[in-house]
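Listed below, chain by chain, are the residues.
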Amino acid sequence: MGCINNKMNIKKAIITMIVLLVICYVFCLPRQLFNETYSTVVTDYQGELLGARIADDGQWRFPERRTVPEKMTICMIEFEDRHFFYHWGVNPLAIGRAIIQNIKEKRVVSGGSTITMQTIRLARNKSRTIGEKLIEMILATRLEFRYSKKDILGLYASHAPFGGNVVGLDAAAWRYFGHAVDQLSWAEAATLAVLPNAPAIIHPGKSREALLKKRNRLLNRLLESGRIDVSTYELALSEPLPDAPLPLPQIAPHLVSYFNTVQKGKQTISTIDKGIQQRVEDLLERWNNEFRRSDIRNMAALVVDVETNHIVAYCGNVCFNEQVSGNQVDIIRAPRSTGSILKPFLYYAALQEGVILPRTLLPDIPVNINGFSPQNFNMQYEGAVPASEVIARSLNIPSVQLLRQYSVPKFYSFLKEMGFTTLTKPAGHYGLSLILGGAEATLWDVCGGYANMARALLGVDPLSLALIQHKENAIKGKDIFQSGAVWQVFDAIKEVNRPEEIDWRIIPSMQTIAWKTGTSYGFRDAWAVGVTKRYVVGVWVGNASGEGKPGLVGARTAGPVMFDIFNLLPSSRWFDQPYPEFTEAEVCRYSGHLKGRYCEETDTVLLLPNGLRTQTCPYHHLVNLTTDENFRVYENCMGNETTIQRKWFTLPPVWEWYYKQHHPEYKQLPPFKSGCGEDSRQVMQFIYPEMNAHVYLPKQMDGSPGQMTFELVHSNRNAIVYWHLDETYLSSTQDFHKISIIPSKGKHSMTVVDDEGNALSVTFHVE
């Protein structure tokens, strides 16, 4: 009985041992075979290498590849393991042959390792001993259960050493031959196949004669096995070995650096078109050489495919390898002062909400809003300018007036909805300067906004800009653009005069481009963004340090670069007008408002539905005149004398003062005939200050308070105006109505009276 129990115990022990061994065998292979850092690799949308960044351990080791091209597979198997596809990780015949050879030579001349065993050895990175060899054999058989033969070959090719700090087949192909693995010739493939055998002893930079012999022997074996023919063999023998390792491509280097931050150690297939990228980079280099003469050292450009919102060219700066002048800064993602580049977005918002019509007159007059006194680039005032011209000509004062009418918080929220990420402070911090560069934006966000405007005209959903090809989770943007208002915006800015001297409109071959420039305060940033049906091109020119230069103006620097980039790209016809979005209406030809009761000259135009809610023309009114039209009169004032009625276009006094200087056809209202009427219309208007303005007086060099200047316009150029501060008479003016005083702190009232008794007052506060 005891004997039977002993046998049972022995049997159980054996079974338990076998189970434990099986469990150990199943779990002996680590889940993650290689725990190494990889280089960051970026390719274009077709897989063409743009650039790479070295791995953290200082090795050029590209991310693992799943498969090996056929030519390279043939060479590796022929040289390393002819029976690779027929064994289970260990080749007993090769092991036996290696033992016999080593005994005969009394030293290790052959290891008998299969490619699978070598893969395990690369993963473990242990000293070569008999015990380690046995472990490699066990793990190799286990590896065969986990992976297919093609996967194992891919693992080996990805981690095999190829001399120096070059690890893996992909890195070796680029470092030694300057192209991808699938473009290797037979001689190149054979060279790479023999390198891992002894990379520290034989590689292209060392023992070149021995390397050449090994390569040629492998080529001869390929010929004998029928893998290559005689002519291929002879051509392969004639190919020289590579010299020193080649530098990797440096295309779109700022983009590669960006991916090295967000996709470190991975291979990324980007949306970049390598051909377009290289042409744009060459173009920027040529322009940079020109701009450097004016000490303008940096520039960036972004090209977006409108239909997909894919980035096809990403030039974050110029001269990446020059460690000076901020060339390492990726300007595309750097916040910069916007200048006027946001004005079309304000124009869109005002049109879409029915605040204005395309040709509504906006005031272009001197303005001082609590110390904020914007100026037009040409330092002139035109009195009143149609809204579409304001945007096309990038006039600052009317744009500020439009933002004031639309509301800063609303526009601020609109920009945030568009995806602007740099508006980190509340709307009140930016104020009305928001439209003139008081806020910062990135070229990325700006181009994204213009691209989604274009997408609205194409009738496709808004998307965030994409840099990764075939990315499934493309972020859908907010659907805030409507095609009708976008059409009106683009229709305005496509008329902007181009940098070329010739009129582009008369050349049929030149494509239509809607474009806008921007120049920041102090001439620090020059912007240009252009839109066609197919592409959006954004350009920034300046100094990364923020240093301003007098010639740094958007239309003179960034604009020409942008048009040259468009000349590199395929052209396209213009957008189709979205007629269903519009309705016909009559507008006043002079004011741009909806036709009023007294508007005689009108145009029938297409307007957005919200535009029908805007104000009718407030500037045309009916007047009674003497027959010679020299005087206005009340209708019943002249007794039996004949009077006539005319429909008259009249602007507010300040507007009128500047408007008539640019519009000789403008006719002022004649004065009332003496004793036959009194002008109920406001004949005077303060330019500065505005009603209830809060004023901070500047200090002089000696610390004393500075003066406050009051300015007024009068519709009668010959009028005499008498000035009173808090009922105290100060002075009189004629022709130019301007005085300067030093008021005390507190609330004051300035009253003016002309020689006909017309009076006007303004209240202000001195802080």
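Structure report, in brief. (Residues numbered from 1 in each chain as written. Predicted model: local features only at pLDDT ≥ 70, side-chain atom pairs only at ≥ 80, totals over all residues. Heavy atoms only, no water.)

Turning our eyes to something else, we now look at the overall build of the chain. Counting its secondary structure elements, the chain contains 21 helices and 26 strands. Expected size for 767 residues packed as a compact globule is a radius of gyration near 27 Å; at 39 Å, the chain overshoots this value by more than 25%. The principal-axis extents of the C-alpha atoms in the chain amount to approximately 145 × 70 × 60 Å. Evaluated residue by residue, the chain yields a buried proportion of 52% over its 767 residues. (Helix = DSSP H or I, 4+ residues; strand = E, 2+ residues; numbered from the N terminus. Rg over C-alpha atoms; globule rule 2.2 N^0.38 Å. Buried < 20%, exposed > 50% of the residue type's maximum accessible area, 1.4 Å probe, protein only.)

This part is about the packing of aromatic side chains. All chains considered together, the criterion is met by 23 aromatic pairs. Here W88 and F145 contribute two aromatic rings whose centre-to-centre distance is 5.1 Å and whose plane-to-plane angle is 85 degrees, an arrangement assigned as edge-to-face. With W88 in the loop between α2 (70-80) and α3 (92-105) and F145 in helix α5 (residues 130-146), this residue pair connects regions lying 57 residues apart in the sequence. For the pair formed by W88 and F145, the shared burial category is exposed. (Phe/Tyr/Trp six-rings, centres within 6.5 Å; stacked < 30°, edge-to-face > 60°.)

Counting residues in each nonpolar core, the largest one holds 137 residues, and the members touching the most others are L302, F345, F411, L434, F490 and I565. When residues in this core are grouped by element, the largest group, ten residues, is from helix α18 (residues 443-458). Setting aside anything within four residues of it in sequence, one finds F490 in contact with Y450, M453, A454, L457, A514, V531, W574 and F575. L49, M72, F162 and A190 belong to the second-largest nonpolar core, a separate cluster that totals 60 residues. (Core = buried A, V, L, I, M, F, W, Y, C linked by side-chain atoms within 4.5 Å. Contact = heavy atoms within 4.5 Å.)

Another aspect to go through is the environment of T67. Position of T67 relative to the elements: it lies in the loop between β3 (60-61) and α2. T67 gets classed as partly exposed once you look at its relative accessible area, which sits at 44%. Each C-alpha atom of the pair T67 and S158 lies 9.6 Å from the other, and the pair is 91 residues apart in sequence.

Moving on: α18. Residues spaced three or four apart along an α-helix face the same direction, because each turn holds 3.6 residues. Here α18 contains 16 residues, and its C-alpha end-to-end distance of 22 Å stays within 8% of the 22 Å for a straight helix at 1.5 Å per residue. Looking one or two places after α18, you find G459, whose phi comes out positive at around 80 degrees. (Expected span 1.5 Å × (residues − 1).)

Glancing now at the pairing of strand β14 (residues 535-542). Counting buried positions along β14 yields eight of eight residues, so the element is predominantly enclosed. Judged by which residues are buried, β14 turns out to be covered on both faces: Y535, V537, V539 and V541 on one side and V536, G538, W540 and G542 on the other are all buried. Pairing between strand β6 (residues 298-305) and β14: eight bridges, direction antiparallel. Note on β14: the bridge partner recorded for N298 is G542. As judged from the seven bridges shared by strand β13 (residues 525-531) and β14, these two strands associate in the antiparallel manner. Note that in β14 the partner of D525 across the bridge is G542. Between β13 and β14, which pair antiparallel in sequence order, lie three residues. (Pairing = 2+ DSSP bridges.)

Let us now look at the pattern of salt bridges. In this structure the tally under the stated criterion is 31 salt bridges. Measuring nitrogen to oxygen at the nearest pair gives 3.6 Å for the salt bridge that ties D243 to R208. Residue D243 is located in the loop between α10 (230-238) and α11 (253-262), and its partner R208 is located in helix α9 (residues 208-224); the two are separated by 35 residues in the primary sequence. Residue classification places R208 among the partly exposed positions, given a relative accessible area of 32%. (Salt bridge = Lys/Arg side-chain N within 4 Å of Asp/Glu carboxyl O.)

Spatially, three strands are ordered β19-β21-β24 in an open sheet, and the strand pairing comes out antiparallel. The outermost strands of the open sheet, each flanked by one partner alone, are β19 (684-688) and β24 (737-741). With direction set aside, neighbouring strand axes in the sheet form an average angle of 25 degrees. As defined by bridge partners, β19 adjoins strand β21 (residues 708-714) across four bridges and the pair is classed as antiparallel. Its bridge partner lying in β21, Y688 is registered against E711. (Axes fitted to C-alpha atoms, helices over the stretch in contact; angles between N-to-C directions.)

The subject of this paragraph is the pairing of β21. Within a regular strand, side chains alternate between the sheet's two faces. Of all seven residues that make up β21, five are buried, and the element is covered over most of its length. As defined by bridge partners, β21 adjoins β24 across five bridges and the pair is classed as antiparallel. What sits directly across from E711, in β24, is K738.

The subject of this paragraph is the sheet that holds strand β22 (residues 720-725). The mixed open sheet is built from five strands, whose spatial order is β20-β26-β25-β22-β23. A strand with exactly one partner marks an edge of an open sheet, and here the two such strands are β20 (693-695) and β23 (728-734). Averaged over all adjacent pairs, the angle separating strand axes in this sheet is 30 degrees, with direction ignored.

As a further point, take the side chain of N396. Inspection of the secondary structure puts N396 in helix α15 (residues 396-406). We classify N396 as buried; its relative accessible area is 14%. Within the structure, N396 has its side chain in polar contact with the side chain of K343 (distance 2.7 Å). At 2.8 Å, the side chain of N396 forms a polar contact with the backbone oxygen of Q375. Setting aside residues up to four positions removed in sequence, N396 forms contacts with S340, K343, Q375, N376, F377 and L436. (Polar contact = N/O pair within 3.5 Å; in protein donor to acceptor, adjacent residues only side chain to side chain.)

Take the environment of S464 next. Tracing the chain through its elements places S464 in the loop between α18 and α19 (483-493). It is 8.4 Å that separates the C-alpha atoms of S464 and G419, two residues lying 45 residues apart in sequence.

A word on the side chain of K549. Take K549: it is sitting in the loop between β14 and α20 (558-568). Separated by 2.9 Å, the side chains of K549 and D295 make a polar contact. A polar contact is formed between the side chain of K549 and the side chain of E547, at a distance of 2.9 Å.

A few words now on the packing of helix α13 (residues 343-352) against α15. Running from N to C, α13 and α15 point in directions that differ by 45 degrees, and their axes come no closer than 11 Å. In terms of orientation, α13 and α15 fall into the oblique class. In the packing of α13 onto α15, the handedness of the crossing is left-handed. Of the residues in α15, those touching α13 at K343, L346, A349 and A350 are N396, S399, L402, L403 and Y406. Considering only residue class, the contact of α13 with α15 consists of six nonpolar, two polar and one charged. (Parallel < 35°, antiparallel > 145°, perpendicular 65-115°, else oblique. Left-handed = near helix turned anticlockwise from the far one by under 90°. Nonpolar A, V, L, I, M, F, W, Y, C, P; charged D, E, K, R; others polar.)

Taken together, the side chains of I10, I14, I15, I18, V19, L20, V22, I23, V26 and F27 present a nonpolar region at the surface, about 920 Å² in accessible area. Within the fold, F27 resides in helix α1 (residues 2-27). (Patch = residues over 30% accessible without salt bridge, like charges linked within 9 Å, V, L, I, M, F, W, Y side chains within 5 Å. Areas by Shrake-Rupley, 256 points an atom, 1.4 Å probe, with all protein chains shown as cover.)

A few words on the packing of α2 against α9. Two numbers describe how α2 lies on α9: the axes approach to 10 Å, and their chain directions differ by 100 degrees. Comparing their axes, α9 and α2 come out roughly perpendicular. When α2 is examined against α9, the residues I74, C75, E78 and F79 are found in contact with a partner set consisting of K214, L218, R221 and L222. Residues belonging to the contact of α2 with α9 are distributed by class as follows: five nonpolar, no polar and three charged.

Glancing now at unusual backbone geometry. Geometrically, the link from Y688 to P689 is a cis peptide bond, its omega value of 0 degrees lying close to zero. For P689, the position within the fold is in the loop between β19 and β20. In the Ramachandran plot, A252 falls in the positive-phi region, its phi being about 50 degrees despite a non-glycine side chain. Of note, A252 is situated in the loop between α10 and α11. At E727, a position not held by glycine, the phi torsion is positive, near 70 degrees. Look at E727 and you get exposed, because its relative accessible area is 79%.

Any functional reading would require information that these geometric values do not contain.
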